[in-house]
Amino acid sequence: MKVKYANAMGNLIRFALAFVLVATAAMGAVCLGATSAEAADVPISEKTFDQVKGQIEAKLGTQYVWGGRSESGWDCAGFVSWVMHDVYGTDWPGGSWGEAGTEAIKSFLTGHDILHGSDTQTYDNAFDNGTIHPGDIIIYENHGATVHAGLVWENKEVFHAISEELDTCKQTFDLMWTYNAGHNKVYSDYTVYRALTTDVTVNFTKSSSDKELEAEIAVGTYSLQGAEFDIYDTQTNSVKTHIQTDASGKATAKLEPNHDYYLVETKAPKGFKLSQSHIPFRTGSDESTVAVEDDPGSVDFYVRKANSATSTKTSKGED
């Protein structure tokens, strides 16, 4: 009986250990997947598409030169390298511009990939649902070999230096996917990499509606620090983020450009009343500022005055 019990206990312990190992491995896989996905969506540049669009479109029609690395003439890698360094402001290329080929660009962008596809429909769907954005970088491969590079553009187009026939141009993805531009530009699949930020910085500045309270704020009777707000997306009517003001009454948030939001105060700072208002604002294409004013709180007090002759007391309340 003791032997059977010992064997049963041993089997139970081994089963428990195996379960823990499998669960740990599964959790590790989940964590690694989440970390990888989060890193991939980090852009290589803090600039927005609206900030770079004009500078890039000014190069429309630039001559295509095989192996070219000059603004007067370049190939696909030369064009994308110029965009990454001169427009997006990255440290690419770290060495000679002449070494900036498609394979090297792909290596630099590793970890920022957000889409892999092998047909037109995948690209179009990703554009429609917002997975990829204008300004993202796309690398094309022909069965493992990188053969072309360009930029995701508006209207499902690709902005690229494609051939001596078309030079630096914009083409819809479906058209260029079937266009044989020479120089081994025949494609089996492609990868899109996140290049630009899709958010803009919004600065919030809080102040008192009673400007005579500035001295009271300075000595600490009132405070601009510690006001808390929820920022709602007007389209979904859901909280986008939460912010809190610092000692100077300032707070910042990263939000979508050219989008409507509203602000709701959830906690008033010292000396101020909680605002019941929804404060609407709209972000622009670049950094912006939203001013928020709060009313100082009211204080109820009573004066009790005694009549010296009758000793009767009267009260007077004021706000």
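In what follows, the structure referred to is the one given above.
Nothing here was measured: the structure is a model prediction, and the numbers come from that model.

Thoughts on the sheet that holds strand β8 (residues 189-193)
The six strands lie next to each other as β3-β8-β4-β5-β6-β7, forming an open sheet whose pairing is antiparallel. Pairing within the sheet leaves two strands with one partner each, and these edge strands are β3 (113-117) and β7 (167-172). Across this sheet, the average inter-strand angle for adjacent strands is 30°, counted without regard to direction. One ladder, built from six bridges, connects strand β4 (residues 137-142) with strand β5 (residues 145-152); its direction is antiparallel. Residue pairing across strands places Glu141 opposite Thr146, the latter belonging to β5. Of the strands in this sheet, β4, β5, β6 (157-163) and β7 are in contact with helix α3 (residues 76-87), which crosses β5 at around 45°.

Considerations on the side chain of His112
Turning to its location among the elements, His112 is positioned in the loop between α4 (102-109) and β3. Overall, His112 belongs to the buried group, its relative accessible area being 18%. From its side chain, His112 meets the backbone oxygen of Val42 in a polar contact 2.5 Å long.

Concerning the environment of Glu265
Note on placement: Glu265 falls in strand β13 (residues 260-267). Look at Glu265 and you get buried, because its relative accessible area is 5%. Distance in space between the C-alpha atoms of Glu265 and Ile231 is 8.9 Å, their sequence separation being 34 residues. A polar contact of 3.2 Å, which involves the side chain of Glu265, links it to the side chain of Lys206. In terms of polar contacts, Glu265 uses its side chain to reach the backbone amide nitrogen of Ser275, at 2.8 Å.

Re the packing of α3 against α4
One way to put it is that α3 packs onto α4 with a least axis distance of 9 Å and a crossing angle of 35°. For the pair α3 and α4, the contacting residues are Cys76, Ala77, Val80, Ser81 and Met84 in the first and Thr102, Ile105, Phe108 and Leu109 in the second. Classifying every residue of the contact of α3 with α4 gives seven nonpolar, two polar and no charged.

Regarding the pairing of β7
Relative to β7, β6 runs antiparallel, the two being bridged by six bridges. Residue pairing in the sheet places Val158 in a bridge with Gln171 of β7. Hairpin connection between β6 and β7: a loop of three residues separates the two successive antiparallel strands.

A look at the pairing of strand β10 (residues 228-233)
Here β10 lies mainly inside the structure; five of its six residues are buried. Bridge count for β10 against strand β11 (residues 238-244) is six bridges, and the pairing is antiparallel. Bridge pairing links Glu228 to Gln244 in β11. Here β10 hands over to β11 after four residues, with Asn237 in that stretch at a positive phi of 55°. Bridge count for β10 against β13 is six bridges, and the pairing is antiparallel. Pairing of Asp230 across the sheet is with Val264, part of β13.

Considerations on the packing of aromatic side chains
Scanning all chains against the criterion turns up 20 aromatic pairs. With 5.0 Å between their ring centres and 65° between their planes, Phe173 and Tyr190 make a pair best called edge-to-face. Residue Phe173 is located in helix α6 (residues 173-177), and its partner Tyr190 is located in strand β8; the two are separated by 17 residues in the primary sequence. By the burial criterion, Phe173 is buried, and Tyr190 matches it. Considering the side-chain rings of Tyr232 and Tyr262, the 5.0 Å spacing of their centres and the 0° angle between planes classify their relative orientation as stacked. Remark: Tyr262 occurs in strand β13 and Tyr232 occurs in strand β10; sequence separation between them is 30 residues. Overall, Tyr262 belongs to the buried group, its relative accessible area being 12%.

Each value, and the rule that gives it
Residues numbered from 1 in each chain as written. Predicted model: local features only at pLDDT ≥ 70, side-chain atom pairs only at ≥ 80, totals over all residues. Heavy atoms only, no water. Pairing = 2+ DSSP bridges. Helix = DSSP H or I, 4+ residues; strand = E, 2+ residues; numbered from the N terminus. Axes fitted to C-alpha atoms, helices over the stretch in contact; angles between N-to-C directions. Contact = heavy atoms within 4.5 Å. Buried < 20%, exposed > 50% of the residue type's maximum accessible area, 1.4 Å probe, protein only. Polar contact = N/O pair within 3.5 Å; in protein donor to acceptor, adjacent residues only side chain to side chain. Nonpolar A, V, L, I, M, F, W, Y, C, P; charged D, E, K, R; others polar. Phe/Tyr/Trp six-rings, centres within 6.5 Å; stacked < 30°, edge-to-face > 60°.

Distances and angles like these do not, on their own, reveal function.
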